Amino acid sequence: GNIAEVNDVYVRAKAKRVLTPNMKRIIGDLYYDNGYFDEALMVYGELLAENPGLREVSKRIAEYHVSVGEEALANQNLEDARDAFALAVRSDVLHPEAQRKLVLTNRAIEKRQDRFAHQQELIELAQRSEMDAEDSEMRRDYARSIQYLRASERNYNEVTGEFPGLRRQANVGSRSIQIRLIQLKKALVDNAQLLSGSGFSFDAKQLASGV
């Protein structure tokens, strides 16, 4: 368990060119079993460069990358997990878990991208409804303006917290909608006489249902 001594033996034996493949394998395993993975991968890499057909060494390298990928998955770091599983597959194409987990991780990334696109679409729909509400308000079609604002608010509220950046954007938009609704209701009270005379009955019904 004395890693300092392993380092010393490895450096001196390498300098004297007396390292055999079996010695390198033992040293690599000592590093690996004691958690010195960078050192282990370095030694394993040298060993495979000289002896490409050592399946057990390739399998051990793949197992390391699989463990890194599983840890990344546990932390929801899908891209890091994908990269680790890809390294595992390149290290040992016959590894029983590496290929399967790479496929599953790629699928998870695709599904997350679809969810992200849907959340973006909700925000874009909300923003378009805001612009429509502004146009309606300029035409003094207050009932329709309120309906657009309510539609915008619903879309903002459907944005989940999975993507913090989009959720923050939706929160800002939702607060803006609430402020505009309050202002519009106040404007309706203050400027009720500006409602169209001939269409007042229709406007009143629309406003009642909208608000």
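Refer to the structure printed above.
As a starting point, this report considers the structure included with it. In this text the structure is predicted, and so the values were computed from the model without any measurement.

Time to look at helix H2 (residues 21–33). Taking 1.5 Å per residue, 13 residues should reach 18 Å; H2 reaches 18 Å between its end C-alpha atoms and fits that length. For H2, the elements touching its buried residues are helix H1 (3–15), helix H3 (37–50) and helix H4 (55–74). Once H2 finishes, Gly35 follows within two positions and takes phi at roughly 85 degrees, a positive value.

The next subject is the nonpolar core. Core analysis: the largest hydrophobic core is formed by 18 residues, its most contacted members being Ile146, Leu149, Tyr156, Val159 and Leu207. Elements represented by at least two residues in this core include exactly helix H6 (98–138), helix H7 (142–157) and helix H8 (164–190). When residues in this core are grouped by element, the largest group, 6 residues, is from H8. Discounting chain neighbours no more than four positions away, the residues touching Leu149 are Ala133, Ile177, Arg180, Leu181 and Leu184. Counting 16 residues, the second largest nonpolar core, distinct from the first, contains Val6, Tyr31, Ala40 and Tyr44.

So, on to the side chain of Asp92. The topology assignment puts Asp92 in the loop between helix H5 (78–91) and H6. When its relative accessible area of 4% is taken as the criterion, Asp92 is described as buried. In this view, Asp92 contacts Arg55, Ser58, Lys59 and Ala62; residues no more than four positions away in its chain are not counted.

A word on the packing of H4 against H5. Taken N-terminus to C-terminus, the directions of H4 and H5 make an angle of 170 degrees; their axes are 8 Å apart at the nearest point. One element, H4, and the other, H5, form an angle in the roughly antiparallel class. From H4, Ser58, Ile61, Ala62, His65, Val66, Val68, Gly69, Glu70, Ala72 and Leu73 reach across to H5, where they touch Leu78, Asp80, Ala81, Ala84, Phe85, Leu87, Ala88 and Ser91. Grouping the amino acids of the contact of H4 with H5 by side-chain chemistry returns 12 nonpolar, 4 polar and 2 charged.

The next subject is the environment of Leu181. If you trace the backbone, Leu181 turns up in helix H8. In this structure Leu181 comes out as buried when scored by relative accessible area, which is 4%. Sequence-wise, Leu181 and Pro52 are 129 residues apart; in three dimensions their C-alpha atoms are separated by 70 Å. In this view, Leu181 contacts Ile146, Leu149, Arg150 and Glu153; residues no more than four positions away in its chain are not counted.

The rules behind the values
Residues numbered from 1 in each chain as written. Predicted model: local features only at pLDDT ≥ 70, side-chain atom pairs only at ≥ 80, totals over all residues. Heavy atoms only, no water. Helix = DSSP H or I, 4+ residues; strand = E, 2+ residues; numbered from the N terminus. Expected span 1.5 Å × (residues − 1). Contact = heavy atoms within 4.5 Å. Core = buried A, V, L, I, M, F, W, Y, C linked by side-chain atoms within 4.5 Å. Buried < 20%, exposed > 50% of the residue type's maximum accessible area, 1.4 Å probe, protein only. Axes fitted to C-alpha atoms, helices over the stretch in contact; angles between N-to-C directions. Parallel < 35°, antiparallel > 145°, perpendicular 65-115°, else oblique. Nonpolar A, V, L, I, M, F, W, Y, C, P; charged D, E, K, R; others polar.

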